[in-house]
Every structure is written in C-alpha cells, then in structure tokens.
Amino acid sequence: MTLSSETRGRGVRLPRSARRAQLLEAAQEVFVEAGYHAAAMDEIADRAGVSKPVLYQHFPGKLDLYIALLDQTSEELVDLVRQALSSTTDNKLRVAASIQAYFDFVDSHNAGYRLIFESDLTNEAAVRQRVDRVSQACAEAIAVVISEDTGLPEPEAHLLGMALSGMAQVSARFWLAQRSAIPRDEAARLVAALSWRGLGGFPNIKDGEGAAGEGEDPSAG
C-alpha cells in the first residue's frame, strides 16, 4: 500500500486500519534507510505526517512498531512462496515459480526484504524468532511438496526445503546487490535450473520416474 503525500498530510482523519497501514509504510521507509538503532520515532511520525502521540496510540514503542512491520513483511514473502507452489502441479514450474518469488520479493520497490534478511536487531529474541520463523515457513512449504512427490521422510524433505529456500534468498540478494547485467527473470531462471537439476535426482513416486528429466531446464516447455 502506497499513500500519497496528500493523504499523509497532517490533520487528515483516517480509519484506524488505514492509519496503521500508513504508519507501517512510513516506518518501513525509515527502518530500511537508517536501520533500527538509528531510526527515530520522531522521524517516523514526521514521515507519516502525524504527531508523535498519534504514532504512540498505535504502537507503544519502537520495538513494537518494528515487530509489527516485520510480521507484515514476513507474511508477504511466505504468501508469495505458497502461491508459487500452488500455482501449478508441474514440479518443474513449481521450482521456477518458487525461485522467482524470492527474486520478485527482493526486487520490490520497498526493500522490505532487508528487515528480514539484513536486520540489525537479530540479537533481540522477538526479532530473531520471527526471522527464523519466516525461513522455516518457506522451507516447510517447499518440504511438503518434496515429501509428497519423492516419499522422502519429513526430516530429509525439510532439509532439502531449507536448502532450496536458502539458495533462493541468498542468490536473489546477491543479484540485487551486484546489480549485474543479468535481467531479474533470467537470473531467477538460472538459479531454478540449478535447483531443478539437483531435485531431478530424486524419484517421483507419483509416476515412478525422476522428479524431473535430469538436467532439464525449468524454463523449457
């Protein structure tokens, strides 16, 4: 949700849910730019176009605001991965869609991925718990599909799910940091091809064949 500068103006009365969304948007901008420790509630209130007391009516403190924002951003990533996995029953396309979800997420204009993967507050238990939770949730969603298709025990499928999600997010962040000549979708396709070739070594119990044609490109028809 992106609010106009006019909507952000002081004195504009908004429903509580809209005001909360406005404050979270402003907070994300400040936290991404400055990091948690350097971010000030005064700056967040000013960016949102509200008084500091209004900000405190919605969030008792800076940590509460940060955690609310982290929860919202984490849910966005998990939803993207789950949508990718449910978008098709073709495993080759599932892999490609899941990798693409990470690249799309880190390339979003709001840079919310930094709150999850580059937080300067991971020594705070509540933050660390949420950062770990989003990684686990994405890995578990992938692991369910791996387990169903290969018959691997849950611990093994979970490990592979964590490996796949970890590779996706690290590769996507590296691509973004480098700002290389590789277009985003092509970068995602390359990582998906690598992932698919690895998963292709596991048998698919549904059809008695490999989970994929070994070495097959996930972007191929």
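None of these values were measured; they are calculated from a predicted model. For every chain, the first residue of the written sequence is number 1, and numbering continues from 1 along that sequence. This being a predicted model, a pLDDT of at least 70 is required before a residue's local features are given, and a value of 80 or more before pairs of side-chain atoms are given or counted; all residues contribute to the totals for chains, interfaces and linings. In computing side-chain values, all of the structure's heavy atoms are included and hydrogens and water are not.

Engineer: Just give me the short version of the overall build of the chain, but keep the residues and values in it.
Structural biologist: For the chain, the count of helices and strands is nine helices and two strands. Listed by position from the N terminus, the elements making up the chain come as α-α-α-α-α-α-α-α-α-β-β. Note on contacts: a residue pair is in contact if any heavy atoms of the two residues lie within 4.5 Å. Partitioning the intrachain contacts of the chain with sequence separation of at least 6 by distance along the chain shows that 64% fall at a separation of at least 24. Carbon together with sulfur atoms contributes 53% to the accessible area of the chain, which is approximately 11100 Å² in total. Only DSSP runs of H or I covering at least 4 residues are called helices, and only runs of E covering at least 2 are called strands; the numbering of each starts at the N terminus. The Shrake-Rupley method, run with a 1.4 Å probe, gives the accessible areas here. Residue values count only the displayed protein chains as cover.

Engineer: How would you summarise the environment of Leu 176 if you had to cite specific residues and measurements?
Structural biologist: Within the secondary structure, Leu 176 sits in helix α8 (residues 154-178). For the pair Leu 176 and Phe 103, spaced 73 residues apart in the sequence, the C-alpha separation amounts to 8.4 Å. Not counting the four nearest positions on each side in its chain, Leu 176 is found in contact with Val 106, Asp 107 and Tyr 113.

Engineer: Any details on the environment of Gly 49? Residues and values, ideally.
Structural biologist: Tracing the backbone through its elements, the reader meets Gly 49 in the loop between α2 (41-48) and α3 (52-58). Note on classification: 1.4 Å probe, protein chains only; a residue is buried when its accessible area is under 20% of the maximum for its type, exposed when over 50%, partly exposed between these limits. Taking relative accessible area as the criterion, Gly 49 reaches 11% and is therefore assigned buried. Spatially, the C-alpha atoms of Gly 49 and Leu 23 are 9.0 Å apart, while their sequence positions differ by 26 residues.

Engineer: Could you give an account of the side chain of Arg 19, naming the residues involved and the relevant values?
Structural biologist: Relative to the helices and strands, Arg 19 resides in helix α1 (residues 16-34). One buried charge, Arg 19, has no salt-bridge partner; the nearest side chain with opposite charge is Glu 25, at 10 Å. A 3.5 Å cut-off defines polar contacts: any pair of N or O atoms within that distance qualifies, except that in protein one atom must be a possible hydrogen donor and the other a possible acceptor, and neighbouring residues in sequence count only when both atoms are side-chain atoms. A polar contact of 2.5 Å, which involves the side chain of Arg 19, links it to the side chain of Gln 22. The positive count covers Lys and Arg only, the negative count covers Asp and Glu only, and His and the chain ends enter neither. Any carboxyl oxygen of Asp or Glu within 4 Å of a side-chain nitrogen of Lys or Arg constitutes a salt bridge here.

Engineer: Pulling in residues and values, what's your account of the side chain of Ser 119?
Structural biologist: Inspection of the secondary structure assignment puts Ser 119 in the loop between α6 (113-117) and α7 (125-150). Taking the relative accessible area as the measure of exposure, Ser 119 reaches 14% and is therefore buried. There is a polar contact of 3.0 Å between the side chain of Ser 119 and the backbone nitrogen of Leu 121. Residues contacting Ser 119, with those up to four places away along its chain left out, are Tyr 66, Arg 114 and Val 127.

Engineer: Summarise α2; cite the residues concerned and give the values.
Structural biologist: Residues Met 41, Ile 44, Ala 45 and Ala 48 constitute the buried set of α2. Along the axis of α2, the buried positions cluster into a sector of 95°, meaning they face one direction only. At its buried positions, α2 is contacted by α1, α3 and α4 (62-86). Remark: Gly 49 follows α2 within two positions and exhibits a positive phi of approximately 75°. Here the arc refers to the directions that run from the helix axis out to each C-beta atom.

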